[in-house]
Amino acid sequence: GTIERLDTVFHGFSWEPSDFQQLVLVGHYGNQRLKTKQIRDGLGVPVVILRKTSAGIKSRTDFLGETSAISATAVLSSDANTIDFYNPVTIRSIETQGAIEPLAYDTTASIAYMLHHHPQTRYRDFIFPEQSQDQSRLTMLEPYEPNKIPLILVHGLLSSPDTYGELYNQLRTDPVLMADYQVWVFKYATGKPFIRAASDLRAELDRVIETYDPELSNEYLRSGVLVGHSMGGLITRLMISYSGERVWNSVSRIPLEVLATDEKTRASFAERFYFDPHPMISRAVFIATP
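In this text the structure is predicted, and so the values were computed from the model without any measurement.

Definitions and cut-offs
- Every chain is numbered independently, its residues counted from 1 as its sequence is written.
- In keeping with the model being predicted, local features are shown solely for residues with a pLDDT of at least 70 and side-chain atom pairs are shown and tallied solely at 80 or more, while totals for entire chains, interfaces and linings include all residues.
- Heavy atoms from the whole structure form the basis of all side-chain values; hydrogens and water molecules are not counted.
- The definition of a nonpolar core used throughout is a set of buried Ala, Val, Leu, Ile, Met, Phe, Trp, Tyr and Cys residues joined through side-chain atoms within 4.5 Å.
- A simple rule labels every residue: compare its accessible area, found with a 1.4 Å probe on the protein chains alone, to the largest value its type can have, and call it buried under 20%, exposed over 50%, or partly exposed in between.
- Here a helix means four or more residues in a row that DSSP labels H or I, a strand means two or more in a row labelled E, and each is numbered from the N terminus.
- The contact definition used throughout considers only heavy atoms, calling two residues in contact when any of these lie within 4.5 Å.
- Two strands form a pair only when DSSP identifies at least two bridges running between them.
- Helix axes are fitted to C-alpha atoms over the stretch in contact, other axes to C-alpha atoms as well, and angles between N-to-C directions run from 0 to 180 degrees.
- Aromatic contacts are taken between Phe, Tyr and Trp rings whose centres are within 6.5 Å, Trp giving its six-membered ring; a plane angle under 30 degrees counts as stacked, one over 60 as edge-to-face, and the others as tilted.
- A pairing counts as a salt bridge when a side-chain nitrogen of Lys or Arg comes within 4 Å of a carboxyl oxygen of Asp or Glu.

S.K.: For the nonpolar core, give the residues involved together with the corresponding values.
M.R.: Leu138, Trp184, Leu201, Leu205, Val208 and Met280 are the most contacted members of the largest nonpolar core, which totals 36 residues. The set of elements that each furnish at least two residues to this core consists of β4 (45–52), β5 (67–76), β10 (137–140), β11 (149–154), β12 (181–187), α5 (194–212) and α6 (231–239). At seven residues, α5 tops the list of elements feeding residues into this core. When residues no more than four places from it in sequence are discounted, the contact partners of methionine 280 are Pro150, Trp184, Leu205, Val208, Ile209, Leu221, Arg222, Ser223 and Gly224. Grouped together as the second largest cluster of nonpolar side chains are 15 residues, Ile111, Leu115, Met178 and Val185 included.

S.K.: An account of the sheet that holds β4 is requested, with residue identities and associated values reported.
M.R.: With mixed pairing, five strands are arranged side by side in an open sheet as β1-β6-β5-β4-β2. Edge positions in the sheet fall to β1 (7–11) and β2 (22–25), since each has one partner strand and no second. Each strand of the sheet is rotated relative to its neighbour by a mean of 35 degrees, with strand direction disregarded. Note: β5 against strand β6 (residues 82–86), four bridges, orientation antiparallel. When the sheet's bridge partners are listed, threonine 73 is paired in β6 with tyrosine 86. Across the sheet, helix α1 (residues 109–117) touches β4 and β5, and the angle it forms with β5 is around 150 degrees.

S.K.: Could you give an account of the packing of aromatic side chains, naming the residues involved and the relevant values?
M.R.: Between two aromatic rings, the relevant description is the distance of the centres plus the angle of the planes. By the definition in use, this model includes seven aromatic pairs. When the centroid spacing of 4.1 Å and the interplanar angle of 10 degrees are considered together, the rings of phenylalanine 10 and phenylalanine 20 count as stacked. Residue phenylalanine 10 is located in strand β1, and its partner phenylalanine 20 is located in the loop between β1 and β2; the two are separated by 10 residues in the primary sequence. Exposure remark for phenylalanine 10: the relative accessible area of 25% places this residue in the partly exposed category. What makes phenylalanine 20 buried here is its relative accessible area of 13%.

S.K.: Hey, could you go over the sheet that holds β10 for me, with residue numbers and the actual values?
M.R.: Reading across from one edge, β10-β12-β11-β13-β14 is the order of the five strands in this open sheet, with mixed pairing throughout. Of all strands in the sheet, those with a lone pairing partner are β10 and β14 (281–287), marking the two edges. Shown here is a sheet whose adjacent strand axes are inclined to one another by a mean of 20 degrees, direction ignored. Here six bridges tie β11 to β12, and the two strands are oriented parallel to one another. Bridge pairing in β12 places isoleucine 152 opposite tryptophan 184. Set on the sheet, α5 makes contact with β10, β11, β12, β13 (224–229) and β14; between it and β10 the angle comes to about 45 degrees. α6 contacts β11, β13 and β14 of the sheet and is inclined by roughly 145 degrees relative to β13.

S.K.: Now, about the pattern of salt bridges: what can you tell me, with residues and values included?
M.R.: In total, this model carries five salt bridges according to the counting rule given. Of the charged contacts, one joins arginine 51 and aspartate 19 as a salt bridge, the two residues approaching to 3.0 Å between their closest N and O atoms. Of this pair, arginine 51 sits in strand β4 while aspartate 19 sits in the loop between β1 and β2, and the two are 32 residues apart along the sequence. Taking the relative accessible area as the measure of exposure, arginine 51 reaches 0% and is therefore buried. Residue aspartate 19 is classed as buried on the basis of its relative accessible area, which comes to 0%. Across the salt bridge formed by glutamate 204 and arginine 207, the nearest N and O atoms sit 3.0 Å from each other. With glutamate 204 and arginine 207 both in helix α5 and three residues apart, the pair spans about one turn of that helix. Taking relative accessible area as the criterion, glutamate 204 reaches 9% and is therefore assigned buried. Note on arginine 207: relative accessible area 25%, which makes it partly exposed. The network of salt bridges with shared partners includes Asp62, Glu204 and Arg207.

Printed below as a string of structure tokens:
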């Protein structure tokens, strides 16, 4: 038979057309981290679109994972020449033939796909933290958007970002909220001291500023919300605190400036034990934090 080529048009995504690389049809699925499925019948077919990191666009993927799964709803045009892909997180209905039609969607499928294909390292990261191949890392779940407020999720002890799978699943049911916020997650090896993880997160946020807003002029970027669960709340606390001398004095009776060590080590200690509230964070949320 003959092969027909259809045009594709994308609506409401922060991704570039080149990011839509592989189409996955949604079948039966489940995941123990997800308690609900955000699904609705309507016009179109819910699909998951995959994107994998390409060396050619490395600068844009600095804070993105190696693989991204994107929820979409595919609608065939009336002339059958074009497939329109809509972002169901923010677009829930479209006008067709003079009438407003609700779109079908499944915004949970892409989360389930990522949770299923993401290797679990939480126990290794706790018991053998120095063997962790995946070092502390801030990951944006979608490309950076300068007109959205960062909502940064920090997991707790013996855990990983997937503990927030259901929370993210629920957040995406609110198109108004998702129009205002971009969700990021911070992963760290929980067997390391949490003060070290806080230093790593601070460095990652500094890298965000250096990359996207070196002049500190973006009010959205300076309105970030940090959510910490359990030990992640302790990390969050350090991101909004002035250390003064208290943190260093809790681990040493000798002032840092007279400690017998090389200057490189002294600078590393200073970076970790002396800090001010990070300029990106305007609000902190603590969940079951000691």
